[in-house]
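Each chain, written out:
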Amino acid sequence: MTIQFNDESFRDDYSFYNSERAIKRFPFPFHEDSYMYSVNMEQHRGGPKDSVYEKRFDVDEHYVSEMRDRALVLADDPLRCQSLPHMTLAGWDLLELIMVSKSEDYPDLFELHRDGNTWRWINKPLGIDDTFTFLDEATLPYGPMEYITRQAQGDFAVLDQRDDNLWMDAGMVTTQADWSLDFDIGMNFFEWHAPVPLAHEKGIFVRALKFLLNIQQGAPARRLNWTMTVNPLLDTSPENYHKWGIQKTTLTPENIGAKQHLRVELQTFFRLPRSNALVFPIRCYLCSFQDLMTVPKWGRRLHRVVRDLPVELATYKGFIANRPMMLDYLENFDDGLPTSPGIWPDLETEPPLKT
Amino acid sequence: MTKFTFPESIKSRPIYGTLEAREGSAHLLVADAHGAEALLEVATPEMMAKAHIMYIPKGEDFEAKLRALKPASFYSGPSYAAAEPRLLKTLEDARMGLQVYLAGTEGLMGQAMNAAMAAGIPYTAIQTEHRGSVARRMQCVHCKGITEDVETDPFVCSHCGLNLFVRDHYSRRLAAYQGVCIDAEDPGNVPEPKGIYE
Ligand code: HEM
C-alpha cells in the first residue's frame, strides 16, 4: 500500500493528527487492566498485518513531518546527536541495517543499490538520491548515524557492549520522554536508568540487561513503554522543559480529550554485525484521548490503568497533578464491562460502550 | 566534622571510599579544602619520598601541615581550573605504577578522576575519599553551563539565571549533577533554598 504522508506540526499550532488507520494500529501498551513495570520483552519477528509490529522499522503517515521536526530540533541544539569516537563503525552498521530493512520492507518508497562499496540510496518520501562509498565518512554529508537517523522516525541509542554491560556511547535523541542524551552519554545501563522508581528494587534492570547482552544478530527483540504528553509535542526534552512544562497546566475538562495524548514508545533491540554494538530504536507514537476513546476496549482499560497506577509511576511520568482531571474524563468511557486480554482493539468482538 | 555519611541514593551517584596507602612507583595526591585531612591521614614518609601533592585550599588552613609532610613536589593553587594544566602534565608524564589519591569535594574528585582516566591511569589505581563540603558541581540541563560548589536546593544557574532544583542524577563524563528548572509549571513559585541534605 502507498502511504499518504500528513503535512502537520508537532509544535506551535500542533496540527498533528491521526487518520482512522493510524488510530486502529496505534500500539496501545496495556495488555490487561492494570500496569506495573516488568521485563516485558519479546522477539521482534513481525506481527499482525498492517500493525506497527509488522515491519522492522515502521514507516507511517507521520514520517515526513517527523523528519522535518527532527531537523528543526537539531538546528536549535546539535547536542541532540552525539557519537563518541569509537562508535563510528556502529554508525555504519546502523545505516546498513536501516537501508536494507527499509528498501526490502517498503520497495515502493526506498531503494538501495549496492555495487561493491559504492551504494546508491533513494528515499522517495524525502526526495533524497545519494551515492556514497560505504565506510567512507567523507562521502556523506553527516556521520553515518546522523545521516540515516535524519531519515528514520524515532530516537536511536547506540550501545557499546563491554565489561558485561551496555554503554550509551552514541545517539540521536529528539523525541524523548524527558531524558537528556547529552547528560547520559557514556553511562552504563544501570546509571542511565538510575532515576526510574521501583524497577531497580524489583530486579527488573538486572534481568533486562542479561536478556539484552544475549541478543543475537538477526534475532531482534521489542517492548512497549508509555507516558503522557499534553499536546502532540515530540520534543519533550529536559533541555526545553522550561519552555514546554507550562503546557501541562493548560488542560481543562473541555479540552482534555483533544490535548491529552497517550505517548507510546515501540522500543526495539538489534545486534549490529561489525561493531557488536546494540542499537535501541525508540519509536514514539502519540494518540489523543478522544481518538483512543473510539475503541471501546481501550476506553474501559485506560480508565482502570490510570486510576490504579502507583503514585510513584504517575509522579515519575509527570502527570500526577493532572490525574484527577484525566479520571473525570476517562470514567465516562468505562461502563464496568470486562475487557478481552491483549493489546489489540478487538473492534469486532468487544461490545460498544453501554450508556 | 568533615566526614559525611551520604544517604542511600540512585545508581548513577558515585560512591567514595577511604584512602589507603598503596605500593606504587610514584604517588599523586590531589585534594581541596578539608580533603587535606584525608591526605594527612594516609601519608607515610615512604610515600612522600615519591609523592606529588596538589592542593586547592579554598580558604582552609592546611597548607603548612601538608608541606610539613615533605612531599617530593608540592603545589598549592587557587582553583581546579588553575591547577588543571599542571595536573594534566603530571598525568601525561606518569609511568606505570602511579597511584592516584583524590580527596575533598565531589566536584574536585570527579574532574580529577576524569583527567586520570583520560590519561589512561587504570581505575584500580585511583582512590577517592570525600571530605568537607557536600556542595555539588551542577550542570544546568537547559543552558549546559556548570555552576561549581552549589550548596542549596534550589539554586540559581550562574549562567542563564533559571531557578534549578538539584537532582541526584550524576554524569561521570561531566563530573556534575543535573539541575532542572523548578518553576516551569508554576513560574515564580520557587521554594526557599535549603542545604542539599537538610
Ligand atoms: C539498551 C536499551 C535501553 C536504553 C538505551 C534505555 C534507556 C532509557 C532511558 C534513557 C530512560 C529514562 C531514564 C530517566 O528518567 O532519565 C529509560 C526508562 C526506563 N527504562 Fe529503559 N532503556 C533500555 C532498555 C530497557 C529495557 C530492556 C527495559 C526493560 C524492562 C527498560 C525499562 C525502562 C523503564 C521501566 C523505564 C521507566 C519508563 C517510564 O516509566 O516512563 N529499559 N530507559
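Below is a short write-up of the structure.

Basis of the calculations
- Residues numbered from 1 in each chain as written.
- Chains lettered and ligands numbered in written order.
- Predicted model: local features only at pLDDT ≥ 70, side-chain atom pairs only at ≥ 80, totals over all residues.
- Heavy atoms only, no water.
- Helix = DSSP H or I, 4+ residues; strand = E, 2+ residues; numbered from the N terminus.
- Rg over C-alpha atoms; globule rule 2.2 N^0.38 Å.
- Buried < 20%, exposed > 50% of the residue type's maximum accessible area, 1.4 Å probe, protein only.
- Phe/Tyr/Trp six-rings, centres within 6.5 Å; stacked < 30°, edge-to-face > 60°.
- Contact = heavy atoms within 4.5 Å.
- Polar contact = N/O pair within 3.5 Å; in protein donor to acceptor, adjacent residues only side chain to side chain.
- Donors = N, O, S within 2.8 Å, 3.2 Å for Na, K, Ca; no water.
- Pairing = 2+ DSSP bridges.
- Arc of directions from axis to C-beta.
- Near = heavy atom within 4 Å.

Scanning chain A for helices and strands turns up 13 helices and 10 strands. For chain A, the C-alpha radius of gyration of 20 Å lies close to 20 Å, the compact-globule estimate for 355 residues. C-alpha extents for chain A along the principal axes are approximately 65 × 45 × 40 Å. Per-residue burial for chain A yields a buried fraction of 60% across its 355 residues.

All names here are of chain A. On inspection of all chains with the given rule, the structure shows 32 aromatic pairs over all chains. Ring geometry for Phe57 versus Phe270: centroids 5.1 Å apart, planes at 10°, classification stacked. Note that Phe57 is positioned in the loop between β1 (42-43) and α2 (63-76) and Phe270 in strand β9 (residues 260-271), a separation of 213 residues in sequence. With relative accessibility at 8%, the residue Phe57 sits in the buried group. Relative to Phe319, the ring of Trp226 lies with its centre 6.2 Å away and its plane at 45°, an arrangement referred to as tilted. Here Phe319 lies in the loop between α12 (311-316) and α13 (323-330) and Trp226 lies in strand β8 (residues 221-230), a separation of 93 residues in the sequence. Phe319 matches Trp226 in its accessibility class, with the two residues each being buried.

Attention now moves to the environment of A:His44. Residue and element names in this part refer to chain A. As for its position among the elements, His44 is in the loop between β1 and α2. Classification of His44 as buried rests on a relative accessible area of 5%. It is 9.1 Å that separates the C-alpha atoms of His44 and Lys55, two residues lying 11 residues apart in sequence. What His44 contacts, discounting residues up to four positions off in sequence, is Tyr53, Lys55, Arg56, Pro220, Ala221, Arg222, Thr268 and Phe270. A distance of 3.3 Å separates the side chain of His44 from the backbone oxygen of Arg56, its partner in a polar contact.

We now examine the coordination of the iron atom of the ligand. The sole protein-derived ligand of the iron atom of the ligand is A:His193 (NE2), positioned 2.0 Å away. Counting through the fold element by element, A:His193 comes out in the loop between α6 (189-192) and α7 (204-213).

Once that is clear, we can look at unusual backbone geometry. A cis amide bond links B:Asp153 with the next residue in sequence, B:Pro154, at an omega value of -5°. Positionally, B:Pro154 belongs in the loop between β8 (152-153) and β9 (155-156). Despite not being glycine, A:Asp163 shows a phi value in the positive range, around 50°. Tracing the backbone shows A:Asp163 in the loop between β6 (155-162) and β7 (165-172). Overall, the relative accessible area of 65% leaves A:Asp163 in the exposed class. We note that B:Lys58 has phi near 50°; this positive angle belongs to a residue other than glycine. By secondary structure assignment, the location of B:Lys58 is in the loop between β2 (51-56) and α3 (63-68).

Our next topic: the sheet that holds strand β11 (residues 176-181) of chain B. Sheets are built from strands paired through backbone hydrogen bonds, the pairs being either parallel or antiparallel. Residues and elements named next belong to chain B. An order of β7-β6-β11-β10-β9 is seen for the five strands of this open sheet, with the pairing classed as mixed. Among the strands making up the open sheet, the edge pair consists of β7 (146-150) and β9. By the bridge criterion, three bridges tie strand β6 (residues 136-140) to β11 in an arrangement that is parallel. By the bridge assignment, Cys140 is partnered in β11 with Gly179.

Residues and elements named next belong to chain A. Of the positions making up α7, those classed as buried are Ile204, Phe205, Ala208, Leu209, Leu212 and Leu213. Looking straight down α7, one finds that the buried residues subtend no more than 150° of arc, so they occupy a single side. Residues of α7 that are exposed and angled more than 90 degrees away from the buried face: Val206 and Lys210. Looking at the buried residues of α7, the elements they touch are β6, β7, α6, β9 and β10 (278-288).

All names here are of chain A. Close to the ligand lie 24 residues; Tyr37, Trp192, His193, Tyr316 and Lys317 are nearest. Between the ligand and Asn225, the relevant distance is 3.5 Å, taken from an oxygen atom to a side-chain nitrogen or oxygen of the residue. A distance of 2.5 Å separates an oxygen atom of the ligand from a polar side-chain atom of Tyr316. Looking at the shell around the ligand, the element that brings in the most residues is α7, giving four residues.

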